[in-house]
Amino acid sequence: MKRLLLVCLIVETAFASFAQDSIRFTSAASLMMIGKAKPTDSIFQRIDPVETKDMPKAVQALAKNSAGIAILFETNSTIIRAKWKLESEKFYSNMPPISHSGLDLYCLKNGKWQYVMVGKPAKGTADQDQVIIQNMDSSMKQFMLYLPLYNTVNDLQIGVQENAEIRKPAQPGINTAKRVVMYGSSILQGASASRPGMAYPAILQRKTGYDVINLGFSGNAKMEIELAQYLATVPADLYILDCIPNPSPEQIKERSYNFIKYLRQQKPTVPIILIETVFRENGNWDQKVGKTVSGQLEEIRKTYDRLKKEGIDNFYYLTTDKLIGNDHEATIDGVHLTDLGFSRMADAVLPLIRKAMKK
């Protein structure tokens, strides 16, 4: 009899534990999405194909990546699980899988966003399913879940306990009425952050509380006029142009003036921050690389000076020496930034953002 009671107790305890941790999934599309320039048919990508049709092919492909997109939600669940479907399996020699294909969870604690845990993508499958955090208390909390930087997400489901609530935040920790739209290179897109939340646009988002839009296009932010035309259609309180690493000095000479001039004509009152390229570390040794970077800097400074002489207002400029420090320790491969580099980059840009938005 005692043995039977013990077995019943074990079964009852196991069933109660299973019931408590039974997971109910909610489509992330029904929650609050931030970091989107404009609505798209495929909701987890950055620009709709209808709007990229006149852009370069590489930009069309990269626009499908989910860099900078995040989901805000509240839940009192003690466990958070996620299922996400990736378009393809990726390999990058200078980026971890968590960064290019994983998820990154933050929680709003005492008015500040605090890192929680990541969703690590499994190899060899497009269908990802993982418990991100468990054994939390059951108080209602606000979370922000960053999507992958260099992959396309075709579906995302967020799982909580069956008896828990999950909903859009009553008071979002990100003010979507204030929008910072950033256009740039692989550094802007997030190479080589350790996880999605460490790309510097995401850091700026958490520091400012503004909705920051990541329009970084790895290797392909070359200031084509079609991109200026698109940017001018995106609602913005501030534009940040961090696109100088990609175009050649000749392309900067040919394109940068018309690009910025067009954007200013279409958006006469919106501030613009123009950022020089980070100086490539190998350019200190490889003379050809060093000459190219010097040429990029020379040409963009000429454009800035020309526009300032023409009286362009609300126009700010950030030089390369202010960006990632001078100890030569902020990159992973001489070009792309580590978390240290991204933190320094965010700290360099932040004062100008505050100045521009205040004005």
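Parameters and conventions
Residues numbered from 1 in each chain as written. Predicted model: local features only at pLDDT ≥ 70, side-chain atom pairs only at ≥ 80, totals over all residues. Heavy atoms only, no water. Helix = DSSP H or I, 4+ residues; strand = E, 2+ residues; numbered from the N terminus. Buried < 20%, exposed > 50% of the residue type's maximum accessible area, 1.4 Å probe, protein only. Contact = heavy atoms within 4.5 Å. Areas by Shrake-Rupley, 256 points an atom, 1.4 Å probe, with all protein chains shown as cover. Lys, Arg positive; Asp, Glu negative; His and termini not counted. Charge placed at Lys NZ, Arg CZ, Asp CG, Glu CD. Core = buried A, V, L, I, M, F, W, Y, C linked by side-chain atoms within 4.5 Å. Pairing = 2+ DSSP bridges. Axes fitted to C-alpha atoms, helices over the stretch in contact; angles between N-to-C directions. Parallel < 35°, antiparallel > 145°, perpendicular 65-115°, else oblique. Left-handed = near helix turned anticlockwise from the far one by under 90°. Nonpolar A, V, L, I, M, F, W, Y, C, P; charged D, E, K, R; others polar. pLDDT = per-residue confidence, 0-100. Phe/Tyr/Trp six-rings, centres within 6.5 Å; stacked < 30°, edge-to-face > 60°. Lys NZ or Arg CZ within 6 Å of the ring centre and 35° of its normal.

Draft legend 1. Examining the overall build of the protein chain more closely. In terms of helices and strands, the protein chain carries 10 helices and 15 strands. Counting all 359 residues of the protein chain, 55% fall into the buried class. Contacts in the protein chain between residues far apart in sequence, at least 24 positions, make up 79% of those at least 6 positions apart. Here the protein chain displays about 16,400 Å² of accessible surface, and carbon together with sulfur accounts for 52% of that area. Within the protein chain, one finds 45 positive and 37 negative side-chain charges whose respective centroids are separated by 3 Å.

Draft legend 2. Up close: the nonpolar core. Core analysis: the biggest nonpolar cluster contains 48 residues, and Met 144, Tyr 200, Ile 240, Ile 275 and Ile 353 have the highest contact counts within it. The element contributing the most residues to this core is helix α10 (residues 339–358), with 10 residues. The residues touching Ile 275, leaving out its near neighbours within four places in the chain, are Tyr 200, Ile 240, Leu 241, Asp 242, Ile 244, Leu 318, Leu 323, Met 345 and Val 349. Core analysis: the next-biggest nonpolar cluster, separate from the first, contains 38 residues, Val 59, Ile 213, Phe 217 and Ala 221 among them.

Draft legend 3. The pairing of strand β8 (residues 141–146), seen in detail. The buried fraction of β8 amounts to six of the six residues, a majority that puts the element mostly inside the structure. The alternating pattern of β8 places Lys 141, Phe 143 and Leu 145 on one face and Gln 142, Met 144 and Tyr 146 on the opposite face, and all of these are buried. Relative to β8, strand β3 (residues 70–75) is paired through six bridges, and the arrangement is antiparallel. Bridged to Glu 74 within β8 is Gln 142. Bridge count for strand β5 (residues 103–109) against β8 is four bridges, and the pairing is antiparallel. Of the residues in β8, the one forming a bridge with Leu 105 is Leu 145.

Draft legend 4. Layout of unusual backbone geometry. Cis rather than trans, the peptide bond between Ala 191 and Ser 192 has omega equal to 10 degrees. Non-glycine residue Asn 314 carries a positive phi angle of around 55 degrees. Topologically, Asn 314 is positioned in the loop between α9 (287–309) and β15 (315–318). According to the relative accessible area criterion, Asn 314 is buried, its value standing at 15%.

Draft legend 5. How the structure looks around the packing of helix α8 (residues 249–266) against α9. It is the contact of α8 with α9, at a shortest axis distance of 9 Å, that shows an interaxial angle of 25 degrees. In terms of their interaxial angle, α8 and α9 are classed as roughly parallel. The way α8 lies across α9 gives a crossing that is right-handed. Counting all contacts with α8, which are made through Pro 249, Ile 252, Lys 253, Ser 256, Tyr 257, Ile 260 and Lys 261, the residues of α9 involved are Thr 292, Gly 295, Gln 296, Glu 299, Ile 300, Thr 303, Arg 306 and Leu 307. Looking at the contact of α8 with α9 residue by residue, the classes come out as six nonpolar, five polar and four charged.

Draft legend 6. Structural context of the confidence of the model for the protein chain. Per-chain confidence: the protein chain averages 94 in pLDDT, with 94% of residues scoring 70 or above. Per-residue pLDDT stays below 50 along residues 4–20; that stretch engages in one contact with residues further than four places along the chain or on separate chains.

Draft legend 7. Examining the packing of helix α6 (residues 200–208) against α10 more closely. It is the contact of α6 with α10, at a shortest axis distance of 9 Å, that shows an interaxial angle of 50 degrees. Here α6 lies oblique to α10, going by the angle between them. As for the relative orientation of α6 and α10, their crossing is right-handed in sense. Contacts between α6 and α10 involve Tyr 200, Ile 203, Leu 204, Lys 207 and Thr 208 on the former and, on the latter, Phe 342, Ser 343, Met 345, Ala 346, Asp 347, Val 349, Leu 350, Ile 353 and Arg 354.

Draft legend 8. Representation of the packing of aromatic side chains in the model. One pass over the full model with this rule turns up nine aromatic pairs. Summarising the aromatic geometry, the rings of Tyr 106 and Tyr 146 are spaced 5.8 Å apart at their centres and angled 90 degrees between planes, so their arrangement reads as edge-to-face. Linking Tyr 106 in strand β5 with Tyr 146 in strand β8, this pair joins segments that are 40 residues apart in sequence. When sorted by exposure, Tyr 106 lands in the same class as Tyr 146, which is buried. Each ring, one from Tyr 183 and one from Phe 259, has its centre 5.5 Å from the other, and the planes form 20 degrees; the classification is stacked. Taken together, the residues Tyr 183 in strand β11 (residues 175–184) and Phe 259 in helix α8 connect sequence positions 76 residues apart. For Tyr 183, a relative accessible area of 1% gives the class buried. One aromatic cluster is present, built from ring pairs that chain together Tyr 106, Tyr 115 and Tyr 146. The ring of Phe 25 has Lys 83 sitting right over it, with the charged end atom 4.3 Å from the ring centre. If you follow Arg 306 out to its NZ or CZ, it ends over the ring of Tyr 257, 3.5 Å from the centre.

Draft legend 9. Local environment of the sheet that holds strand β12 (residues 210–216). With parallel pairing, five strands are arranged side by side in an open sheet as β12-β11-β13-β14-β15. Both edges of this open sheet fall to β12 and β15, since each of them pairs with a single strand only. The sheet shows a mean angle of 20 degrees between the axes of neighbouring strands, direction not considered. Bridge analysis of β11 against strand β13 (residues 238–242) gives five bridges, and the strand direction is parallel. Bridging across to β13, Val 181 finds its partner in Tyr 239. Across the face of the sheet, α6 comes into contact with β11, β12, β13 and β14 (272–275) while running at roughly 170 degrees to β12.

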